[in-house]
Each structure stands twice: as structure tokens, then as C-alpha cells.
Amino acid sequence: QVQLVESGGGSVQPGGSLRLSCVASGTIFSIATMGWYRQAPGKQRELVATIDHGGSTNYADSVKGRFSISRDNAKNSVYLQMANLKPDDTADYYCNADVWGYGSDGFLEVWGQGTLVTVSS
């Protein structure tokens, strides 16, 4: 069974930086789009950024110019470099991927367990 495991969350002051990592484990044949989503307390989960297998990226307007998504296909990993963090960036951040793994007939959407990012002075 394919799993996504995030790391890199924590507490940071406004203006600071953090780098989130996510690695997919299991018997994996292919990973299509990978991405990051976030959910703040009392709010719905929202897209932060996505990246397809070829490296094309998409960002939420609120993070453009501050966040950068990248991936390493050889390591089945995706990263989110976050800079100039603001209190409004405080949320649980979730890794997401469309994965074709052993035992499935095609791509399935998989979610990580989330990692908390807190931006506060």
C-alpha cells in the first residue's frame, strides 16, 4: 500500500522560511501530479501548489512569489520551499499525489497525514 509521509513542519516567526518534504513509499509504478494542500483551523482545505511529472507547476495566488514546489522523481518525493511566511500561512499542510502502485488498476489519489506549520511572533 502506498503511503505519503510529510516532514519539515514547525514554528517560525513572520518573514521566516521552512521547507516541507514528502516521500511516497510502497511499490510504486508511477506518480503523476504531486501537490501540497493546507487547512487552517475552521477553514476548508485549499490548494497550495501542484507539480506534474514533467515539472509544470501551479500555485495559489496567495503564495505566488513566496513558495516554490519541486520534486525528485527518482526519490518519489515532493518539496515545498516556503519563504516570507505570514501568520495567515498557519495551517496543517498535506501532501497529495496521484499514484499507480502495486495492486491498483490505475492512478489513485493518496494523502499524507499532515504536518503543522505555525507562523507567529
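Residues numbered from 1 in each chain as written. Predicted model: local features only at pLDDT ≥ 70, side-chain atom pairs only at ≥ 80, totals over all residues. Heavy atoms only, no water.

(A) The arrangement of the sheet that holds strand β7 (residues 67-72) in detail. Pairing is antiparallel in the open sheet, where 4 strands are placed in the order β1-β3-β8-β7. Where the open sheet ends on each side, the last strands, each with one partner, are β1 (3-7) and β7. Direction aside, the axes of adjacent strands within the sheet are offset by 15 degrees on average. Inspection of the sheet shows strand β3 (residues 18-25) paired to strand β8 (residues 77-82) by 6 bridges, in the antiparallel sense. Bridged to Cys22 within β8 is Val78. (Pairing = 2+ DSSP bridges. Helix = DSSP H or I, 4+ residues; strand = E, 2+ residues; numbered from the N terminus. Axes fitted to C-alpha atoms, helices over the stretch in contact; angles between N-to-C directions.)

(B) Spotlight on the nonpolar core. Core analysis: the biggest nonpolar cluster contains 32 residues, and Trp36, Leu80, Met82 and Tyr93 have the highest contact counts within it. Of all the elements in the fold, those that place two or more residues in this core are β3, β4 (28-39), β5 (46-51), β7, β8, β9 (91-101) and β11 (115-119). (Core = buried A, V, L, I, M, F, W, Y, C linked by side-chain atoms within 4.5 Å. Buried < 20%, exposed > 50% of the residue type's maximum accessible area, 1.4 Å probe, protein only.)

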